[in-house]
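As a plain string of letters, each chain reads:
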Amino acid sequence: MSQSGATHLVALHIASEPPQPAPFAPRILSANPNAPTGPGPQAPDPAEPDWQALGVEPRWIGTDTSSCAAVLSPVAGPATGSEEFKRYTAGARQRGETALVIASIGAGQTPTARNVFDQGFDHKIHLPNPYGWIGGRLLPAGVRPQLADDLDNAERDLALRLRNQLTDSPWWGLTLVRGGPRPGYSHATIAPQPKKGELRPLLVDDLGNPVTGVWTPDDDSARWFVVPFGTDRGQLVDWLVQKALPLYVPGQLVRARSPLVRDPAFATRTEALLLAEQAEHQRAYELRQAELDNRLAEVRGEADRLRLGLMYGTGRQLEDAVREVLAAAGLTVTPLDDELGPQSADLLAELGGRRILVEVKSAGSPAPQDLVGKLYKHLSTWPSLKPDVPLDGGLLVVNHRTRLPPEQRPAEVYPRGPFADSLEVPVVGSLQLLHWWRQEDWEAIRQAVFGDDSSTPQPAGDAAAGQLLPGPAARTSRFPLWRR
């Protein structure tokens, strides 16, 4: 460090070849006397970060790495047998510092056929021998990872950056494979005994499996952060300098006289007060965030159950979902199957002294017309089953075209035509009930069940809902109520 006290850049080993300069681009001679005649400017690589602006000095393959603060391996895991990696780890060990590594997984084409020794993994990151390796399996498209539990400030910041940046990128399921004899070793070969390490998740998929993580050996001498290939290098370097180094390797920032390292003993009174207020705000934020996460998980679990029932359910699952939606709209709903069996409809809905029989059905293809006949039959036999309970009508709820994705199903159970015009009971698609339920349009549900002299009102709904259900699903404007 110079005596001037100037801030130095933090040395960072980039485990790849240095960028090649752009090819010489001569100017084309022009008759215009004002046209430039020298070589054209060389445009910088847009993927190349501004290292100096980020506060680092890149040390590429072929340069001394013994004093580096961390390793960034943007293409794959670093070659642990390379001279650069050995000098870096030896320097960190000599200084008593944690070795920091950012390793990428998923570069290149995913193999269509796997080697028998790969254990079904598409890509690998080799850890220092004999700790084993981290295998990655390409996950299906559409994975939306969530933050893992018990992350420190630096880990949480990295996880949020990755989740927010890689919205349309593929993710890789990570698995730690313990070390041991490598494939091809003979029985007479003495292989080093495997050592223990731990792979903790930073982001997890819907099954709780890690898609990014941090590997630490049993002696906590290193931290390997595994990120998907294609993560912006500028973001990774910014995270290293701003979050990781101050927490894990502050000595590197001290040697570089970085303004990120400040001794609290020399803080002003205003700085100390603001730091305390900032810490309190962070604690309050994390507490509120945890409360919201728990509440969202609880509400989403209930909503998912009803959504799945109304979108894909059959039999009792669909019947229970319809019953809960009607109850949420303020109706008193009684299941009838256990009491009356197949002789009656599925549900009895009551509101304001009126009673409606509700028949709930599903159909993988277009709804057959005889579903309406079954409701007619139940309405006709009801007086013999419950003579002291008069009815005001009936309702048929159908989850139709279940073999199609919900967004491709027609809105109406029975499209317009002679049969639809002849109906004497309202028919509602279960997706329409879902639409009203999620919008909390309880009045629309009550009108669909009990009807009135005007057309059933449609909820305002957002654009997504309009795409899901482009038209009305129930015909209640001309259906007379059954009187018994």
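Note that the structure is predicted; figures quoted are calculated from it, not measured.

Enquirer: Report on the overall build of the protein chain, specifying residues and quantitative values.
Expert: The helix and strand inventory of the protein chain stands at 13 helices and 16 strands. A fraction of 66% describes how many contacts in the protein chain between residues 6 or more apart in sequence connect residues 24 or more apart. When the accessible surface of the protein chain is totalled, it reaches about 26,500 Å², and 52% of it is carbon and sulfur.

Enquirer: Kindly report on the sheet that holds strand β15 (residues 393-400), identifying the contributing residues and their values.
Expert: Taken together, 5 strands build an open sheet; the order of strands is β12-β13-β14-β15-β16 and the sheet is mixed. With one partner strand each, in any of the chains shown, β12 (332-335) and β16 (427-429) form the two edges of the open sheet. For this sheet, the mean inter-axis angle between neighbouring strands, taken without regard to orientation, is 25°. As judged from the 3 bridges shared by β15 and β16, these two strands associate in the parallel manner. Opposite V397, over in β16, you have V428 as the bridge partner.

Enquirer: Which residues make up the nonpolar core, and what values do they have?
Expert: Of all hydrophobic cores here, the largest spans 62 residues; its most connected members are L100, I134, W224 and F225. With 8 residues, helix α4 (residues 233-248) is the largest single contributor of residues to this core. Beyond its immediate chain neighbours, meaning those up to four positions away, I134 contacts I105, H123, K124, I125, L127, L174, T175, L176, L199, W215 and V226. Counting 30 residues, the second largest nonpolar core, distinct from the first, contains M311, L318, V322 and V325.

Enquirer: So what about the sheet that holds strand β4 (residues 99-105)? Which residues, and what values?
Expert: As a general point, the strands of a sheet are linked pairwise by backbone hydrogen bonds and lie either parallel or antiparallel. An order of β2-β1-β3-β4-β11-β10-β9-β7 is seen for the 8 strands of this open sheet, with the pairing classed as mixed. Both outer strands of the open sheet, β2 (56-59) and β7 (146-147), are each paired with one neighbouring strand and no more. When β4 meets strand β11 (residues 222-228), the two strands line up parallel, connected through 7 bridges. Note that in β11 the partner of A103 across the bridge is V226. Packing against the sheet, α4 makes contact with β1 (10-14), β2, β3 (71-73), β4 and β11, and its axis sits at approximately 150° to β4.

Enquirer: Go over the side chain of Q252, please, and point to the residues and values.
Expert: Here Q252 shows up in helix α5 (residues 250-255). Residue Q252 is classed as buried on the basis of its relative accessible area, which comes to 5%. For Q252, the side chain forms a polar contact with the side chain of E97, separated by 3.3 Å. For Q252, the residues in contact, after removing those within four places along its chain, are S67, C68, A69, R95 and E97.

Enquirer: Describe the packing of helix α7 (residues 315-328) against helix α11 (residues 430-438), and please don't skip the residues or the numbers.
Expert: Running from N to C, α7 and α11 point in directions that differ by 35°, and their axes come no closer than 11 Å. Judged by the twist between their axes, the crossing of α7 over α11 is left-handed. Only S430, L433 and W437 of α11 make contact with α7, whose side of the interface consists of L318, V322, V325 and A328. In the contact of α7 with α11, the residues fall into 6 nonpolar, 1 polar and no charged.

Enquirer: Quick rundown of unusual backbone geometry? Include the residues and the values.
Expert: With an omega dihedral of 10°, the bond running from N129 to P130 counts as a cis peptide bond. Topologically, P130 is positioned in the loop between β5 (123-126) and β6 (133-138). Not every positive phi belongs to a glycine, and D150 is a case in point at roughly 60°. Its location among the elements puts D150 in the loop between β7 and α3 (153-165). Phi at R401 is positive, roughly 55°, even though this residue is not glycine.

Enquirer: Pulling in residues and values, what's your account of a negative patch on the surface?
Expert: A surface patch of negative charge is lined by E198, D218, D219 and D220. With respect to the helices, strands and loops of the structure, D219 is situated in the loop between β10 (210-217) and β11.

Enquirer: If you had to explain the packing of aromatic side chains to someone new, which residues and values would you point to?
Expert: All chains considered together, the criterion is met by 8 aromatic pairs. Note on Y131 and W215: the rings are 5.1 Å apart at their centroids and 75° apart in plane angle, and the pair reads as edge-to-face. Remark: W215 occurs in strand β10 and Y131 occurs in the loop between β5 and β6; sequence separation between them is 84 residues. Look at Y131 and you get buried, because its relative accessible area is 10%. For W215, a relative accessible area of 1% gives the class buried. Linked through ring pairs, F85, Y131, W215 and W224 together constitute an aromatic cluster. Between the NZ or CZ atom of K124 and the centre of the ring of W133, over which it lies, the distance is 4.1 Å.

Conventions adopted
Residues numbered from 1 in each chain as written. Predicted model: local features only at pLDDT ≥ 70, side-chain atom pairs only at ≥ 80, totals over all residues. Heavy atoms only, no water. Helix = DSSP H or I, 4+ residues; strand = E, 2+ residues; numbered from the N terminus. Contact = heavy atoms within 4.5 Å. Areas by Shrake-Rupley, 256 points an atom, 1.4 Å probe, with all protein chains shown as cover. Pairing = 2+ DSSP bridges. Axes fitted to C-alpha atoms, helices over the stretch in contact; angles between N-to-C directions. Core = buried A, V, L, I, M, F, W, Y, C linked by side-chain atoms within 4.5 Å. Buried < 20%, exposed > 50% of the residue type's maximum accessible area, 1.4 Å probe, protein only. Polar contact = N/O pair within 3.5 Å; in protein donor to acceptor, adjacent residues only side chain to side chain. Left-handed = near helix turned anticlockwise from the far one by under 90°. Nonpolar A, V, L, I, M, F, W, Y, C, P; charged D, E, K, R; others polar. Patch = residues over 30% accessible without salt bridge, like charges linked within 9 Å, V, L, I, M, F, W, Y side chains within 5 Å. Salt bridge = Lys/Arg side-chain N within 4 Å of Asp/Glu carboxyl O. Lys, Arg positive; Asp, Glu negative; His and termini not counted. Charge placed at Lys NZ, Arg CZ, Asp CG, Glu CD. Phe/Tyr/Trp six-rings, centres within 6.5 Å; stacked < 30°, edge-to-face > 60°. Lys NZ or Arg CZ within 6 Å of the ring centre and 35° of its normal.

Everything listed is a geometric property; what it means functionally is a separate question.
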